[in-house]
Amino acid sequence: MSKDYWTTIIKPSKGYINVNLYELVKYRDLIYLFIKRDFVTFYKQTILGPIWYILQPLLNTIVFTIIFGRLAQIPTDNLPPFLFYMAGNIIWGYFAFCINSTSTTFVKNADIFGKVYFPRITVPISNVIIGLLQFSLQLIFFLCFYIYFVINGLSVNINYSLIFLPFILLHTAIIALGFGLLLSSLTSKYRDLTFVLGFGIQLWMFATPVVYPLSIIPENYVIFSILNPMTSVVESFKFIFFGESSIKLIHIFISVSISISIFFVGLITFYKTEKTFLDTV
Amino acid sequence: MSTAIKIEKLYKEYKLGVIGRGTLYRDLQSWWALRKGKEDPNSLIGSSNSNKIKNHLALKEINLEIEEGQVLGIIGSNGAGKSTLLKILSRVTSPTKGQILLKGRVASLLEVGTGFHPELTGRENIFLNGAINGLSKLEIQNKFDQIVEFAGVKKFLDTPVKRYSSGMHVRLGFAVAAHLDPDILIVDEVLAVGDADFQKKAINKIKEVSSDQKRTVIFVSHNMNSIQKLCDRVIVLSNGTIIKDDTAKNSINFYIGKGSKSERNYGAVKFDNDKRPGGKIVKLLSICTKKENNAECSQFNIDEEINIIVNFQVLLPGYNVCCSLGFNYYNNKNLNKNGSFYVLDDYIKNKWDEENNFKVGNFKTELKIPANLLNEGIYGITVDIFLPPSNLDSSFQVRTRDIIYFDIIDNYKPDSSRGNYPYDWQLGDDGFMIRPMLEVKTSEIINNETDI
């Protein structure tokens, strides 16, 4: 009897990636339903409902504008602080959402993962897409302010680089997935990492040029900032809208290669954990 | 017939004892201590060889082939490896060694309603649950009406599932799973929930899936009745190995007899607060078997009286309660079940439709089995408590099976029904459940005048 006769072979876990793309395509409806479920249930039994999606970055931006703009007077590359912080906020918000939700994949879904098989990677994928949807709403909101400021005399150097927006978002997703998948394996074993995570992401944000521009970092130290792949994401995001950033192309290449390496490390760990995590939770 | 599932030399190993310390800090602490040659501060106190991780083999070299369209039952006591096997089959966890070859799609019903989101409506959850089990939207759409009809939740389709009763929850979950059209269906103990009607419906559905659609079904249950009704073939697992692979009847007999002897309850069983069998109205507290002199006992001579005392608790007022005691007899030769009987308590003396409400509180049911009635062998006692005037099957609150056992031993006393007959009383393979003291006389017929 040939091996082809069998449709599934269950074997001990090996440490290689077996991303079964065909299977993922088969489960595309599941991804869609996960997205729908999480997007809809997010605002069930809340007063403001979907308004929360845009209220969050708005409040953050206001706080940042007051604290970092007015009180600390951190330069913003000659841009209106409100727009500057809002741009940083929504792109960081997208990243933070993706990494947060991805890193708790196993812990949050232990119950259902323990009962039924489906490609576990569908959960992080749907999380990233939900993040993207939220981001799109926030982007529209941001564009409203952007247009308002432009009408009121803000001169921006808007150009062809806007077409790179999807790549920036993809890059963000890869970083978030890379770290998130890696962390999800760790949080499945060490629960306390989930607490550390919230704090860690906060710190990470301050290590990234979100509330300050890259240009205020002394020349000699820029390379350290570039090792943080989110630096290039945030800076290039600001660049495509304001035409104003000190990031260089070589920086982006470095950061993309770091991100892709982390992504694969994360993916390998995730697939390894997927097969045995039930024994450790 | 071709093979649908082939399990080859399957092992599953779990690490026992310290499985990671749960926090990174403690892991580092242990690692540091071991490096310095000190004792692990996180090991269990008193375990001298704490450095060695002890492993537990949940499954040991399982080899099994299951034909297409076969309904395979798996029975075994808790911890025998049933669930581990199912989890590996449904790809929830992976084996340590060996492999399983499968043909076709597997749907597992390890717990109904898994993945139901409380905030979503019944309709949305049907789609979600179907998708989790690998169906496309279109496939679910085609099955939608059947699922709704089977579950009987048509009126509540647009209500969030969190407002469903637990029965509706289970019905909906089962309905989705049963309509998944898998090539291999894995069912674990789901029929334990739901009322009698639903159980019947579910069993019929599983039967239909296997016989009409030629699907392979693997069914795990502690309910020997459902196993008997459903399965063509039953394997008995014990300590991770298959100890019996036979027809349903033979395997069940083997299991309730020999297989689980060490785990049988004898003498007295008292249930902890949270483990009391029963429903919302009546819960079983304890049961014991005693001698005439009130001493707890599990082994009776054939000429001794057997006292059985059942304590139960009524939690809600306004119900009639009747306790039924059933006895399953296993002969002591091959431990096959050779008969059973049951008795009802004195409630039956009341007029059947009379209101006779019980108070909230604890109650005691006592039964005396006279000496020299039951034959030698092993008896399992089944306690069922139900709510008259309904019948037992539709209103039981407590339903147990062979919750406690007692043995009857033939002590070869001449004043028993044996008299001075010196030989074995059980002839052949069958057992004889009763050995009553009856007057049997033989005398010489005088003058050839027969009475007949």
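Scroll up to find the structure.
Residues numbered from 1 in each chain as written. Chains lettered and ligands numbered in written order. Predicted model: local features only at pLDDT ≥ 70, side-chain atom pairs only at ≥ 80, totals over all residues.

Student: Where do I start with the overall build of chain A in this structure?
Tutor: A count of helices and strands for chain A gives 11 helices and one strand. Reading the secondary structure of chain A in the N-to-C direction produces β-α-α-α-α-α-α-α-α-α-α-α. When burial is assessed residue by residue, chain A has 39% of its 281 residues classed as buried. Taking all contacts inside chain A whose residues are at least 6 apart in sequence as the whole, residues at least 24 apart take part in 80%. (Helix = DSSP H or I, 4+ residues; strand = E, 2+ residues; numbered from the N terminus. Buried ≥ 20, exposed ≤ 12 C-beta atoms within 10 Å, placed from the backbone. Contact = placed C-beta atoms within 7 Å.)

Student: What am I meant to see in the overall build of chain B here?
Tutor: Per the secondary structure count, chain B includes nine helices and 19 strands. Considering chain B as a whole, with its 452 residues, one finds that 38% of them fall into the buried category. Of the contacts formed within chain B by residues at least 6 apart in sequence, a portion of 69% connects residues at least 24 apart.

Student: When you look at the nonpolar core in this model, what are you seeing that I'm missing?
Tutor: Note that soluble globular proteins tend to have their nonpolar side chains buried in a common cluster. Within the largest apolar cluster, 83 residues are counted, with the highest numbers of intra-cluster contacts made by B:I100, B:I186, B:F219 and B:I227. If you tally residues by element for this core, the top one is helix α5 (residues 166-178) of chain B, at seven residues. Non-local contacts of B:I227, meaning those with residues more than four positions away in its chain, are made with B:G73, B:I75, B:F219, B:S221, B:V234, B:A248 and B:I252. Counting 46 residues, the second-largest nonpolar core is a separate cluster that includes A:F135, A:I175, A:V210 and A:M230. (Core = buried A, V, L, I, M, F, W, Y, C linked by C-beta atoms within 7 Å.)

Student: Just checking my understanding: could you explain the interface of chain A and chain B for this structure?
Tutor: At the interface, 34 residues of chain A touch 37 residues of chain B. At the level of elements, β1 (8-10), α2 (28-42), α5 (105-113) and α11 (249-280) of chain A are the ones that each hand at least two residues to the side of chain A that touches chain B. Here the residues of the side of chain A that touches chain B sort into 16 nonpolar, seven polar and 11 charged. Here β1(A) runs beside strand β4 (residues 97-102) of chain B; their pairing, made up of three bridges, is antiparallel. Looking across to β4(B), one finds that A:I10 is bridged to B:I100. (Nonpolar A, V, L, I, M, F, W, Y, C, P; charged D, E, K, R; others polar. Pairing = 2+ DSSP bridges.)

Student: Would you mind going over the sheet that holds strand β13 (residues 306-314) of chain B with me for this structure?
Tutor: Across a sheet, strands are paired by hydrogen bonds formed along the backbone, either parallel or antiparallel in direction. Residue and element names in this part refer to chain B. One open sheet accounts for four strands, arranged β10-β11-β13-β16; its pairing is antiparallel. Two strands bound the open sheet, and with one partner strand each, they are β10 (268-270) and β16 (361-369). Pairwise comparison of adjacent strand axes, ignoring direction, gives a mean angle of 20 degrees for this sheet. Where β13 and β16 come together, nine bridges link them in antiparallel fashion. Bridging from a neighbouring strand, Q313 pairs with N362 of β16. (Axes fitted to C-alpha atoms, helices over the stretch in contact; angles between N-to-C directions.)

In short, shape yes, function no, at least from these values alone.
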